Amino acid sequence: MNLVENLEYNTERSKLIIPEYGRHFQKMVDHAVSIEDKEERNKVAKAIISVMGNLQPHLRDVPDFQHKLWDQLFIMSDFQLDVDSPFPITSKEVLQKRPEALEYPQNYPKYRFYGNNIKRMIDVAVKWEKGDLRSGLEYAIANHMKKCYLNWNKDTVEDSAIFAHLKELSDGEIDLAPDGETLTESTQFLKNRIQKTNNRSNNKKNQRNNRGKKRY
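Let us look at the structure shown here. Remember, predicted model here, so these are calculated numbers, not experimental data.

Regarding the pattern of salt bridges
Then step 1. Applying the stated rule across the entire model yields seven salt bridges.
Then step 2. For D78, the salt bridge identified is with K92, shortest N-O distance 3.1 Å. With a gap of 14 residues between them, D78 in the loop between α4 (65-76) and α5 (92-96) and K92 in helix α5 connect regions that are remote in the sequence.
Then step 3. We note a salt bridge from D159 to K146, for which the minimum N-O separation is 2.8 Å. Of the two residues, D159 is situated in helix α8 (residues 159-169) and K146 in helix α7 (residues 132-152); the sequence distance between them amounts to 13 residues.

Regarding helix α2 (residues 22-34)
Then step 1. The first and last C-alpha atoms of α2 sit 19 Å apart over 13 residues, in line with the 18 Å expected at 1.5 Å per residue.
Then step 2. Along α2, the residues classified as buried are R23, F25, Q26, V29 and A32.
Then step 3. Each element contacted by the buried residues of α2 is listed here: α3 (38-54) and α4.

Structural notes on the nonpolar core
Then step 1. Counting residues in each nonpolar core, the largest one holds 22 residues, and the members touching the most others are Y114, I141, M145, I162 and L166.
Then step 2. Counting residues per element, the ones that place at least two in this core are α6 (116-125), α7 and α8.
Then step 3. Counting residues per element, this core draws most heavily on α7, which supplies eight residues.
Then step 4. With sequence-adjacent residues up to four places away left out, I162 is seen in contact with Y114, A142, M145, K146, Y149, V157 and L183.
Then step 5. Judged by nonpolar contacts, the second largest core, of 19 residues, contains F25, A45, M52 and L69.

Focus on the packing of α7 against α8
Then step 1. The interhelical angle for the contact between α7 and α8, taken along N-to-C directions, is 115°, at an axis separation of 10 Å. Regarding the angle of α7 to α8, the classification is roughly perpendicular. Note on packing geometry: the crossing formed by α7 with α8 is right-handed. Counting all contacts with α7, which are made through E138, I141, A142, M145, K146 and Y149, the residues of α8 involved are D159, I162, F163, H165, L166 and L169.
Then step 2. Of the residues belonging to the contact of α7 with α8, the class tally is eight nonpolar, one polar and three charged.

Definitions and cut-offs
Residues numbered from 1 in each chain as written. Predicted model: local features only at pLDDT ≥ 70, side-chain atom pairs only at ≥ 80, totals over all residues. Heavy atoms only, no water. Salt bridge = Lys/Arg side-chain N within 4 Å of Asp/Glu carboxyl O. Helix = DSSP H or I, 4+ residues; strand = E, 2+ residues; numbered from the N terminus. Expected span 1.5 Å × (residues − 1). Buried < 20%, exposed > 50% of the residue type's maximum accessible area, 1.4 Å probe, protein only. Contact = heavy atoms within 4.5 Å. Core = buried A, V, L, I, M, F, W, Y, C linked by side-chain atoms within 4.5 Å. Axes fitted to C-alpha atoms, helices over the stretch in contact; angles between N-to-C directions. Parallel < 35°, antiparallel > 145°, perpendicular 65-115°, else oblique. Left-handed = near helix turned anticlockwise from the far one by under 90°. Nonpolar A, V, L, I, M, F, W, Y, C, P; charged D, E, K, R; others polar.

Here it is, written out as structure tokens:
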């Protein structure tokens, strides 16, 4: 009966600061904090660090591994452990400071279906000297834009719409509308897309059919 009364539930226990080390490690750290003699406290802290290192032998050669262990020791003690650390003690405020938000690398969210690589290709094209090479690159970009447009939007699109988008994205540097040229037909892009879809379906079907077959 006494054994049942002494059972501890996790909901009644204190929260583990670093759960990866487990409850017993947390109790060891709590015991070290409660030791009044500083010399004895230093000895126990070093013993805890040694055991923490033994749990991760594959990281012993990693630079600043010992520094990381001491930081974790202070974190588990809620920075209440008063010992002589061989490394500078990182403050609680520094660890809790939130990093600055990273900007999402998206240049033209208005035409997200084209992707950021299109803008990079356009930036390269406008730096080239005008001629056959640049003209070929410009039409290759326009065709790729048309393909991207059809993948994410309608089943057809006018070349004039692609030319207008290309002119806008290039800040007016590339204007293919006056040339009177035409891009690849929408039906050709759609045909290639359907063919790729069918090939994927056939490959998956063949893989399912081949399962379980004996190989000699």
